[in-house]
Amino acid sequence: METKQILPLHTLRIERTRATLNRVFLLVHSLMLLALLYYRASWFFFFLTSHSHTWTFTLTWFLLLTSELTLSFIWLLGAAYRWRPVSRTAFPERLSDDSQLPGIDVFICTADPAKEPPLDVMNTVVSAMALDYPTEKLWVYLSDDGGADITLYAMRKAFSFAMVWLPFCRKYGVRTRSPNAYFSKEIEEDDGLIRRGEFCSEREKMKFMYEAFKEQVRSANEMGLIEDYKLREKAKADHAPLIEVIGQNGLEDHDKMPHLVYVRREKRPTHPHNFKAGALNVLLRVSSSLSNGSYILVLDCDMYSNDPASAKAAMCFHLDPTLSSSLAFVQFPQMFHNISPTDIYCGQFREVFKVWWYGSDGLNGPNLSGTCFYIKREALYGTAPGLDLPKDLIQRRQWFGHSNELLRTLRSDYKCNVENALQSNGLLQEAHLLASCNYEQGTKWGKQVGFCYDSVAEDYMTGFLLHCRGWNSVYYDPPRPQFLGSTPNNLNDCLVQYKRWSSGLLEVTFSRYCPLTYGIMSGHSILHTMCISYWAFLPLYSIFALCYATVPQLGLLNGISLYPEVSDPWFALFATVFISGSFQHLFEVLHTGGSFRMWWNELRIWMIRSVSSNFFGCLDIATRFIGVKRVDFGLTSKVTVEDKVDQYAKGVFDFRGAGLILVPVVTGSILNMAALIGGVGRVIVEGNYSALMLGDGSDDSVQSSAAMWGQPNPKNRSLPAIFFLSGSCAGVQQHSDASSAVLAIFFSGETRSPLLLSSPVTARSSDKDRSSFSPPVDQLVFFSGRSTSPIAALWFLHDDESSSAAIRTSFFFVLF
Ligand SMILES: O=c1ccn([C@@H]2O[C@H](COP(=O)(O)OP(=O)(O)O[C@H]3O[C@H](CO)[C@@H](O)[C@H](O)[C@H]3O)[C@@H](O)[C@H]2O)c(=O)[nH]1
Ligand SMILES: [Mn+2]
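First things first, this report covers the structure right here in the doc. (Residues numbered from 1 in each chain as written. Chains lettered and ligands numbered in written order. Predicted model: local features only at pLDDT ≥ 70, side-chain atom pairs only at ≥ 80, totals over all residues. Heavy atoms only, no water.)

Right, let's get into the sheet that holds strand β7 (residues 295-300). Overall, mixed pairing links the eight strands, which are arranged β5-β6-β4-β3-β7-β10-β9-β11 in an open sheet. Every other strand in the sheet has two partners, leaving β5 (242-246) and β11 (472-475) as the edge strands with one partner each. Across this sheet, the average inter-strand angle for adjacent strands is 20°, counted without regard to direction. Examined bridge by bridge, strand β3 (residues 104-110) and β7 share six bridges and lie parallel to one another. Its bridge partner lying in β7, isoleucine 104 is registered against tyrosine 295. (Pairing = 2+ DSSP bridges. Helix = DSSP H or I, 4+ residues; strand = E, 2+ residues; numbered from the N terminus. Axes fitted to C-alpha atoms, helices over the stretch in contact; angles between N-to-C directions.)

See below:
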């Protein structure tokens, strides 16, 4: 008898060479770090126990030891991402016929028409309606947290436009189904378009209709559907629920269209609305009473579908019986249509979407990334894979609330009747109840059921808890971007967005769900727990970055040597850690399609984020703990301002609007400027160039310099040594070993702080054991300081308005 060969729906390839290289690197680097820590610790304990040292001396070593220990630890956690990288391919054409496909509900969230232009939101809506999926199984829901009439109006118009747009796309195989994206580019061969007369005229017609649609939305805006600012502000926080199934009345041919639903949840100032997670949970409930799709695609309002094939591609994983039972979601990369060629703010998050997610996919899967994922509804209902919900009705009510309609959908024999759903007014009433702000009281929504409320990084926390419950995920990154969003195009927005993530991550770190402990306690795999924990600790970087920005410098001025000399064999270790770390990062950037320039940009932005976004994220959490305020979501603006776009496209840093958040960066830069000038000046005064460069200074000149500067007698200074060492000290950390080096280089410089002046240090080179530490390094670090400082300073002088405010504030900081 002939057996029918069933072709797999997808394949998995383990990247063996990469895994091997990564593991060798991991081993070697770990050993080196251990040696480095041994060096640091042994001297620290020596200073601690030998009583001939001041407390400042010991404290300095202690701070560096702590930093190096912590950063090594974080680096080690992140190493798990490189343990087993895999890549996948899906074959949607092998899926069985459409009648077997499950229902999909698309959830799109918008929150403010002033920051998220309704026209762009409608482009996302239309592109989602145009997914290549049986229309009767596809429902698109838009959550409007802004409660804006313009959004509802635009949606009705969008539905009418979709009635002509969808057939056009299907007929000519158009793949770019966001009309805006489609009409703003030339016709592409790979869009599968048929270039014949009929097509061209239809395209023109379609373009005309799109312009008409645009005009309708624009003039509605002007006619005042967007109320005046104050009114709108109030409406955003205070409005009744409103749900409308669009295009239900009097439209024929509408069976070829997916359903479109507008959802405005109730919001009252007295009730926390829990931002995006709150909106998604309302959509979960409302959709359950209408379509109850088994799978859900979540999209941010600016993230349009760039390839209608994503739905079926995701189903290749979800419907594979070998994966399906424990597969919670299929994550696609977040990609952006407006990244400039120079990508100065590193908006593409290369490392996340080209390295980490590939790595975690080889373990239990990537973490949830906020948008562009197809998730199984059942996974959001709070149980472990394969486990049933509580049988008892009372208990179910405690989990899901009191809506009988919702509870009915949980029954295994429940069959969704779309026609019923639409005809019955009762159902819509029920949906309003489900969208009311009291509904969740005393239930498990936001805790165990749905998206989590405990963090503004709701994606991170929800994904993590799913994994802990035993669910897995899959990462799929096909050659054509499946979704495209917009990335912030100015420094302030980038840093503020990153600050939100830092705060959100720390909210998890310092809760009872701290990934490291909670992950291990819930029996989750060690390697995957490491991956997830890595994020939780990442924002704490800022503390150590600031440490490296100040401690070695203060140490220098006080004659506290922190690194071995060039002639010391330990120097080779520090240098190797730094160099190998840098090369690994560079190699990875090049390997993932990046350039040398990207490598440099990543180092730069890493440095800036560390001391700004991450630092303020830490402050956010500190203020939250003392009960001052809750972390806010801080919506990212998607409005395009010509001038900003222009600057961004040219690769020029845009500092406008960035005030306080830049203070630490600017302060660092100013210090470095001072250091550079001071350092060069000093070299000129001393005239001891050879000592600087070769690490073999003549005793005479050194002695005289020591006398001149009131420092202990320094010997064997060396520029190269310091140049490397200031870096390699920080180089113990993660991927950006090199960046930390640059950070140290960037920041190191002479600082004359009150602390310093009040605590003169006595490091006596007569102490035999410490001869190799005998002082230091002062001017060397200044000098190596800093080719980067003038550049940095130029940035800040570039824009007069905001930077001058920032600089003034920084001066304040420097002075006091
Ligand atoms: O109260 C709110 C706040 C936000 N949103 C929506 O949430 C989405 C994301 O907001 P945005 O300001 O664009 O944040 P980003 O920083 O771009 O978002 C990233 O980070 C978020 C977590 O911090 C994730 O939820 C997102 O998916 C991820 O793209 C947007 O569609 C908003 O409309 C709401 O619906 N209600
Ligand atoms: Mn966004």
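We now examine the pairing of β7. The element β7 is largely enclosed, with a buried count of five among its six residues. Sheet analysis places β7 next to strand β10 (residues 373-376), joined by four bridges and oriented antiparallel. Paired with valine 298 across the bridge in β10 is phenylalanine 373. (Buried < 20%, exposed > 50% of the residue type's maximum accessible area, 1.4 Å probe, protein only.)

The environment of ligand 1 is formed by 23 residues, the closest being Cys109, Lys276, Glu458, Thr636 and Lys638. At 2.6 Å, a side-chain N or O of lysine 638 approaches an oxygen atom of ligand 1. Elements represented by at least two residues in the shell around ligand 1 include exactly β3, α8 (275-290), α16 (458-468) and α17 (491-509). Among the elements that make up the shell around ligand 1, the one with the highest residue count is α17 (three residues). Split into classes, the residues belonging to the shell around ligand 1 amount to eight nonpolar, seven polar and eight charged. (Near = heavy atom within 4 Å. Polar contact = N/O pair within 3.5 Å; in protein donor to acceptor, adjacent residues only side chain to side chain. Nonpolar A, V, L, I, M, F, W, Y, C, P; charged D, E, K, R; others polar.)

Moving on, we come to a nonpolar patch on the surface. Together, Val24, Leu27, Val28, Leu31 and Leu34 line one region of the surface with nonpolar side chains, adding up to about 480 Å² of accessible area. Structurally, the position occupied by leucine 31 is in helix α1 (residues 16-49). On the basis of relative accessibility, which here comes to 51%, the residue leucine 31 falls in the exposed class. (Patch = residues over 30% accessible without salt bridge, like charges linked within 9 Å, V, L, I, M, F, W, Y side chains within 5 Å. Areas by Shrake-Rupley, 256 points an atom, 1.4 Å probe, with all protein chains shown as cover. Salt bridge = Lys/Arg side-chain N within 4 Å of Asp/Glu carboxyl O.)

Another point: helix α23 (residues 613-625). Between its first and last C-alpha atoms α23 spans 18 Å; for 13 residues at 1.5 Å apiece the expected length is 18 Å, and the two agree. Among all positions in α23, only Ser613, Asn614, Phe616, Gly617, Cys618, Asp620 and Ile621 are buried. Where α23 ends, the next residue or the one after it, glycine 627, has phi of about 85°, a positive value. (Expected span 1.5 Å × (residues − 1).)

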